[in-house]
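# Survey of secondary and tertiary structure
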Amino acid sequence: MMEFSRWMSLIGEGLSETLYMTLVSTFFAYLFGLPLGVLLTVTSPSGIQPMPRLNRVLGVIINSLRSVPFLILLVAVLPLTRKLVGTTIGSTATIPPLVIAAAPFIARVVESSLLEVDAGLIEAAESMGASPYQIITKVLLTEARSSLATGAVIATTTILGYSALAGFTGGGGLGAIAVNYGYHRYQTDVMLWTVFLLIVIVQIIQEVGMRLSRRMDARLRSKS
Amino acid sequence: MSSYVTPVHDGLREEPLFQLEGLTKVFGKGEEKVTALQDVNLTIRAGEIFGIIGLSGAGKSTLIRCLNLLERPSDGKVIFRGVDLQTLSKKELLKERQKIGMIFQSFNLLQQRTSLENIRFPLEISGMEKSKATARAREMLELVGLPEKEKAYPSELSGGQQQRVAIARALASDPDVLLCDEATSALDPATTKSILDLLKSINETLGVTIVIITHEMSVVQAICHRVAVIDTSIAEVGEVEKVFRRPTSRIARELIFPKGELLERLQGNNYLRVVFDGTAANEPIIANMTLACQTPVSILSADSRNIDGIAYGQMIIQIPEDEQDKEKIISYLISRGVTVEEVTEDTAQNGLSKEGVK
Ligand SMILES: Nc1ncnc2c1ncn2[C@@H]1O[C@H](COP(=O)(O)OP(=O)(O)O)[C@@H](O)[C@H]1O
Ligand SMILES: [Mg+2]
């Protein structure tokens, strides 16, 4: 058994690295995934700006990226990672593969949220002379905001899971601790603690996120 | 196409607002081709309340969506205030749409915006300054009688209230015309009446032209000046009274006097269809007839409607086999100013003949 203070600082460092990887990756993944999801929705044959060919190309790219297992992607993008970050180990180095893996996933999550928006609302906006851009910002994204928030919770927890996996290839965070102490050194108690912490983080994100999502949905206001 | 236009001499309703010329809309290709509209010619005049009635699938929604080019016609022209809408650029079309308000059966309010924010929506789109837009939106809420619901979300409003907010929203940008697609079909009769009353007063006080799509005769009757009966093409157009009194197309007769099961029971020639077209005075005609002719008749069906306080409608009566009695009854009825028609299976199916007695 390790000395308690060393133990705490180890876990504390792992925790902060995990949060860092997750949040930064989620941010960048949305930076690409959100516009991509919007583009997928509006260019679909039933969308507000149908562009069948572009839509099909985007679909194929997204599906291909999504069907590559994350561990393989992690290794495959190493050259790109080195170029962007300067190194292939540590928590920052896991961000590029996390973003590449999560962005297409997020695009699909965003797309499914936007598709939930009642076609009647879009028709009403069109009848008022709204431009496609105005429909995207004032109707699609705003009407779907609660569903988008739910999607963001799912995306964040998924990225958290991926970030733990990156521990196998030299990434940091709780995943790396679990791998180094639990897998390589048979310190099962350390591994269990990291797993427990990961579960707690997921629970917190889930709870807080879903509560926010419900609160921002005006449809849930009770009839007075 | 102007053959449909019956002139109205109150000055207000002379100028055409919409002219549809040879409007045709075909959905799909090949085997799955559906012709929703076929060579529709129609003029809607500025200031009138124009009804478009038809059975489900007759092309009503397609037609009204063509008026603001939400639906692109396959062929033909949509001319709004003298401008062929299909010649406009995208940007110009968006600008024109601000002059064409629209409301829907399902209200289509933005669920994440309050009433006030919903009404402000078209003003934001046109780039109006926010404080001005808010003031205008408040004015509109006042107009539709919901000033206290400014902060309410659609989920907190009843159907009738939601439709009022939708009307306020559609009127906020000061349009020339309000298109209503089955705007009252989701509402109960009392709420329907209050919404129709509101539309009527909007037409009268603001001079906004109103186009109403419906499958309900009662809606047309309640507020429309003129009506077009549609069944992929326009079956007939005219003043509401005239169309109701003397529907000339089969589809109009079907809508005005639903056949029902009665016709299946009719056989032989000893039935008469008696049509009241408002010219006969308020007298109990059938009762007086039995007294005058001394022959009993039985009433098989009666379907009358009240238009501007005058009864229109039809009645089917069974008369004696005796030829002399029959003659007597028919001539009595004609003398009272009603239209009489012998009903055979064939004429029953085809409704009223224009000539009356054959
Ligand atoms: N987007 C569409 N694609 C294919 N067919 C359509 C579409 N919209 C309407 N139709 C068809 O056109 C016909 C008229 O529809 P619609 O205008 O909605 O009728 P109404 O409003 O009178 O009930 C129907 O047969 C309907 O199935
Ligand atoms: Mg319809």
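Cut-off values and rules
Residues numbered from 1 in each chain as written. Chains lettered and ligands numbered in written order. Predicted model: local features only at pLDDT ≥ 70, side-chain atom pairs only at ≥ 80, totals over all residues. Heavy atoms only, no water. Helix = DSSP H or I, 4+ residues; strand = E, 2+ residues; numbered from the N terminus. Buried < 20%, exposed > 50% of the residue type's maximum accessible area, 1.4 Å probe, protein only. Contact = heavy atoms within 4.5 Å. Pairing = 2+ DSSP bridges. Near = heavy atom within 4 Å. Polar contact = N/O pair within 3.5 Å; in protein donor to acceptor, adjacent residues only side chain to side chain. Areas by Shrake-Rupley, 256 points an atom, 1.4 Å probe, with all protein chains shown as cover. Nonpolar A, V, L, I, M, F, W, Y, C, P; charged D, E, K, R; others polar. Axes fitted to C-alpha atoms, helices over the stretch in contact; angles between N-to-C directions. Lys, Arg positive; Asp, Glu negative; His and termini not counted. Salt bridge = Lys/Arg side-chain N within 4 Å of Asp/Glu carboxyl O. Arc of directions from axis to C-beta. Buried area = accessible area lost by both parts, 1.4 Å probe.

Moving on: the overall build of chain A. Along its length, chain A carries ten helices and zero strands. Starting at the N terminus and walking to the C terminus, you meet the elements of chain A as α-α-α-α-α-α-α-α-α-α. In terms of overall dimensions, chain A has C-alpha extents of about 70 × 50 × 25 Å along its principal axes. Across the 224 residues in chain A, those meeting the buried criterion constitute 47%. Intrachain contacts of chain A at a sequence separation of at least 6 include 71% that bridge at least 24 residues.

Let's shift gears to the sheet that holds strand S5 (residues 83-84) of chain B. Residue and element names in this part refer to chain B. Pairing in this open sheet of four strands is antiparallel, and the strands run S2-S1-S4-S5 from one edge to the other. Both edges of this open sheet fall to strand S2 (34-45) and S5, since each of them pairs with a single strand only. Sheet analysis places strand S4 (residues 75-80) next to S5, joined by two bridges and oriented antiparallel. If you follow Phe80 over to S5, its bridge partner there is Val83.

So, on to the site of ligand 1. Residues and elements named next belong to chain B. In the neighbourhood of ligand 1, the contacting residues comprise Phe27, Val34, Ala36, Leu55, Ser56, Gly57, Ala58, Gly59, Lys60, Ser61 and Thr62. Within the contact set of ligand 1, an oxygen atom lies 2.8 Å away from a side-chain nitrogen or oxygen of Ser61. Thr62 places a polar side-chain atom, nitrogen or oxygen, 2.5 Å from an oxygen atom of ligand 1. Within the complex, the protein chains bury 57% of what would otherwise be the 560 Å² of accessible surface of ligand 1. When contributions to the shell around ligand 1 are tallied by element, the ones reaching two or more residues are S2 and helix H1 (60-67). Looking at which element gives the most residues to the shell around ligand 1, the answer is H1, with three residues. Looking at the shell around ligand 1, its residues break down into five nonpolar, five polar and one charged.

Looking now at the sheet that holds strand S6 (residues 100-104) of chain B. Residues and elements named next belong to chain B. A sheet is described by the order of its strands in space; here six strands give the open sequence S6-S7-S8-S3-S9-S10, paired in mixed fashion. Strands at the two margins of the open sheet, each flanked by one partner only, are S6 and strand S10 (233-239). Put simply, the sheet's adjacent strands are angled 15° from each other on average, direction ignored. Across the sheet, helix H5 (residues 159-172) lies against S6 and strand S7 (177-181), angled at about 165° from S6, the strand it touches most.

Let's shift gears to the side chain of Arg164(B). Residue and element names in this part refer to chain B. Mapped onto the elements, Arg164 comes out in helix H5. In this structure Arg164 is buried but unpaired, with Asp197 as the nearest side chain of opposite charge at 7.5 Å. With residues near it in sequence (within four places) discarded, Arg164 still touches Val144, Leu146, Ser194, Ile195 and Leu198.

Our next topic: the pairing of S7(B). Residue and element names in this part refer to chain B. Across the five residues that make up S7, a large majority, five, are buried. Of the two faces of S7, the one carrying Val177, Leu179 and Asp181 and the one carrying Leu178 and Cys180 are both buried. The sheet contact formed by S6 and S7 spans five bridges and is parallel. By the bridge assignment for S7, Met102 is matched with Leu179. As judged from the five bridges shared by S7 and strand S8 (residues 209-214), these two strands associate in the parallel manner. Residue pairing across strands places Leu178 opposite Ile210, the latter belonging to S8.

Because an α-helix completes one turn every 3.6 residues, residues spaced three or four positions apart along the sequence face the same direction. Residues and elements named next belong to chain B. All buried positions along helix H11 (residues 285-293) are accounted for by Ile285, Ile286, Met289 and Cys293. Projected down its long axis, H11 carries its buried residues within an arc of 90°, all on one side. Two residues or fewer past H11, Gln294 is found with a positive phi of approximately 55°.

Put simply, an interface is often sized by how much accessible area is lost when its parts join up. Tallying the contact residues gives 26 residues for chain A and 25 residues for chain B. Buried surface at the junction of chain A and chain B, summed over both partners, amounts to about 2300 Å²; 54% is from carbon and sulfur atoms. Put simply, chain A and chain B have two salt bridges between them. A salt bridge links Arg65(B) to Glu123(A), with the shortest nitrogen-to-oxygen separation between them at 2.2 Å. The tally of links between chain A and chain B comes to eleven residue pairs in polar contact (both at pLDDT 80 or more). Listed by contribution, the elements that provide at least two residues to the side of chain A that touches chain B are helix H6 (119-127) and helix H7 (132-143) of chain A.

Here we come to the pattern of salt bridges. Residues and elements named next belong to chain B. As enumerated under the stated definition, the model contains 17 salt bridges over all chains in all. Note that Arg138 is salt-bridged to Glu150, the shortest N-O span being 2.8 Å. Of the two residues, Arg138 sits in helix H4 (residues 130-143) while Glu150 sits in the loop between H4 and H5, which places them twelve residues apart along the sequence. Arg138 gets classed as partly exposed once you look at its relative accessible area, which sits at 41%.

No statement about biological role is implied by the geometric values presented.
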